[in-house]
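Descriptive structure summary
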Amino acid sequence: MTLHKGASPSDRKQSGHPVNPFYGEADPVAGMETAPPRHALPDGPVSPHTAYQFVHDELMLDGNSRLNLATFVTTWMEPQAGVLMAECRDKNMIDKDEYPRTAELEKRCVAMLADLWHAPDPAAAVGCSTTGSSEACMLAGMALKRRWMRSNQDRYPGQARPNLIMGANVQVCWEKFCNFWEVEARLVPMEGDRFHLDAASAAALCDENTIGVVAILGSTFDGSYEPVAEICAALDEVHREHGWDVPVHVDGASGAMIAPFLDPELVWDFRLPRVASINTSGHKYGLVYPGVGWALWRDTEALPEELVFRVNYLGGDMPTFALNFSRPGAQVVAQYYTFLRLGRAGFRAVQQATRDVARSMAERIGALDDFRLLTEGDQLPVFAFTTADHVTAFDVFDVSRRMKERGWLIPAYTFPENREDLSVLRVVCRNGFSLDLADLFLSDLESLLPELRDQPGPMERPESVATAFHH
């Protein structure tokens, strides 16, 4: 949620700006001579055409989402999916009695994901849709903490403080979870060329108060998979030595919809007995417009029953596990449409095409003398690169700024603690970002390099821009 300050008194009093009546009104002589105030309700209504035009014109100043190489979020769907979403945008997802077919489609999506992620008994797996991976992670964290509390009733909340182990590269929602639910965040810092959590570091931080370990299948910093199977094996050893039975949650916001199709030999999911829960973002590589996510638990034992509320709502008994209540059913319907439309073979083809674009771009950028690759797009269709050691005339922030002048949104940011010396650019390839667009991107990048090389040095920048992108 974005926080905004209220308008100043002068803002509330402003009368607006003159509007061309021929452009602003269907009837040019009916005229609206000034625009409505921006920070207070206008005194009266305007025509639908005028209201639309004001909003539309301001939104033209947003970036082009298709050229946004910063976001993981889906920016293209088929027209038929858009029609379905429009038909369902007025349906409240929580009204399962009122919209039983929408509720049924949600159940089918959970079953499909349980099967895709090799739940021991897909029919026994439990799960739900969410507004995105952030809510899904919060729910998974709550389940981990409640399971630990059950096992430590004699020590909590008296003298024991729960902790959660994860890499410093986690998405910010995990830090929020630890803050909101009073859990100690034990972050494993990056070290050298290791940019994510490793098994030995995770095991070394465990103790009797560890509620779980978060393993990320696809780091937002560089697109790399964390070694889930190795982490589970190390925790198996911890269990044998100390008796601490530490579960694993896989944050598969992106990779959980990539690995099943492109890396089927990779064991990261419910095939590992220590994996208690998995989340993914349907609105990322699940190929659905924002916002929809999914949280699944391997069985009812992994999700304590007391967290599931059963309420009498609109005449029916409704189990619910969510932080949000009312939300549109459109995205869930779109997810089911996408599963039905593509199937396994279709998803494999789409994700492979996206990875091919990422690998091609990474290879061509790596061939330029000015840059050095950190990753190559061969896990998530995402890669990170930085300037070569000998480059002193410009930095990654100069590249990001100059590419934005051409319409490309490519984030530049520093890595977390221990590797704050490393600043990178990251490219996220998504469905709809074609080889043709990749060619245009490379062409623009190469055309800027002569000017960048001629700079006397990197341009000054405020420190506030040197932050990681968490989406």
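Residues numbered from 1 in each chain as written. Predicted model: local features only at pLDDT ≥ 70, side-chain atom pairs only at ≥ 80, totals over all residues. Heavy atoms only, no water.

For the chain, the helix and strand inventory stands at 13 helices and 13 strands. Contacts in the chain between residues far apart in sequence, at least 24 positions, make up 70% of those at least 6 positions apart. Put simply, the chain shows about 22400 Å² of open surface, and 53% of that area lies on carbon and sulfur atoms. (Helix = DSSP H or I, 4+ residues; strand = E, 2+ residues; numbered from the N terminus. Contact = heavy atoms within 4.5 Å. Areas by Shrake-Rupley, 256 points an atom, 1.4 Å probe, with all protein chains shown as cover.)

A few words now on the nonpolar core. In terms of nonpolar packing, the biggest core is built from 64 residues, with W117 and V213 touching the most fellow members. In terms of residue count, the dominant contributor to this core is helix 11 (residues 330-366) (nine residues). Leaving out residues up to four positions away in the same chain, V213 has contacts with L164, I165, L197, A202, C206, I231, L235, V246, P247, V248 and H249. Among the nonpolar cores identified, the runner-up in size contains 34 residues, and L67, I365, F383 and L445 belong to it. (Core = buried A, V, L, I, M, F, W, Y, C linked by side-chain atoms within 4.5 Å. Buried < 20%, exposed > 50% of the residue type's maximum accessible area, 1.4 Å probe, protein only.)

Further remarks concern the packing of helix 6 (residues 133-151) against helix 7 (residues 172-180). Think of two packed helices as two axes; the pair is described by the angle between the axes and how far apart they sit. Two elements in contact, helix 6 and helix 7, have axes separated by 9 Å at closest approach and are oriented at 45°. Accordingly, the angle class assigned to the pair helix 6 and helix 7 is oblique. Crossing angle aside, the handedness with which helix 6 passes helix 7 is right-handed. Side by side, helix 6 and helix 7 meet where S134, C137, M138, G141 and M142 of the first sit next to C173, W174, K176, F177 and F180 of the second. Among the residues making up the contact of helix 6 with helix 7, the classes are represented as seven nonpolar, two polar and one charged. (Axes fitted to C-alpha atoms, helices over the stretch in contact; angles between N-to-C directions. Parallel < 35°, antiparallel > 145°, perpendicular 65-115°, else oblique. Left-handed = near helix turned anticlockwise from the far one by under 90°. Nonpolar A, V, L, I, M, F, W, Y, C, P; charged D, E, K, R; others polar.)

At a closest axis distance of 10 Å, the pairing of helix 12 (residues 396-405) and helix 13 (residues 435-453) adopts a crossing angle of 120°. The orientation of helix 12 relative to helix 13 falls into the category oblique. The element helix 12 and its partner helix 13 pack so that their crossing is right-handed. Together, D398, V399, R402 and M403 of helix 12 and F441, D444, L445, L448, E451 and L452 of helix 13 make up the contact between the two elements.

What follows is about the sheet that holds strand 7 (residues 293-297). Working definition: the strands of a sheet are paired by backbone hydrogen bonds and lie parallel or antiparallel to each other. Strand order in the open sheet formed by seven strands is 1-7-6-5-4-2-3, and the pairing between neighbours is mixed. Since the sheet does not close on itself, it has two edges, and those belong to strand 1 (126-130) and strand 3 (184-188), each with one partner. This sheet shows a mean twist of 20° between the axes of neighbouring strands, independent of strand direction. Bridge count for strand 5 (residues 248-251) against strand 6 (residues 275-281) is four bridges, and the pairing is parallel. Its bridge partner lying in strand 6, V250 is registered against I278. Against the sheet, helix 6 contacts strand 1, strand 2 (163-167), strand 4 (210-216), strand 5, strand 6 and strand 7, and its axis sits at roughly 165° relative to strand 6. (Pairing = 2+ DSSP bridges.)

Attention shifts here to the packing of aromatic side chains. Each pair of aromatic rings is reported with the distance of its centres and the angle of its planes. Per the stated rule, a full pass over the model turns up 17 aromatic pairs. Where F261 meets F347, the ring centres are 5.0 Å apart and the plane angle is 10°; that geometry is what we call stacked. In this pair, F261 is assigned in helix 10 (residues 259-262) and F347 in helix 11, connecting sequence segments 86 residues apart. We classify F261 as buried; its relative accessible area is 5%. Judged by its relative accessible area of 2%, F347 is buried. Of the aromatic side chains, those joined through ring pairs into one cluster are W174, F177, F180 and W181. (Phe/Tyr/Trp six-rings, centres within 6.5 Å; stacked < 30°, edge-to-face > 60°.)

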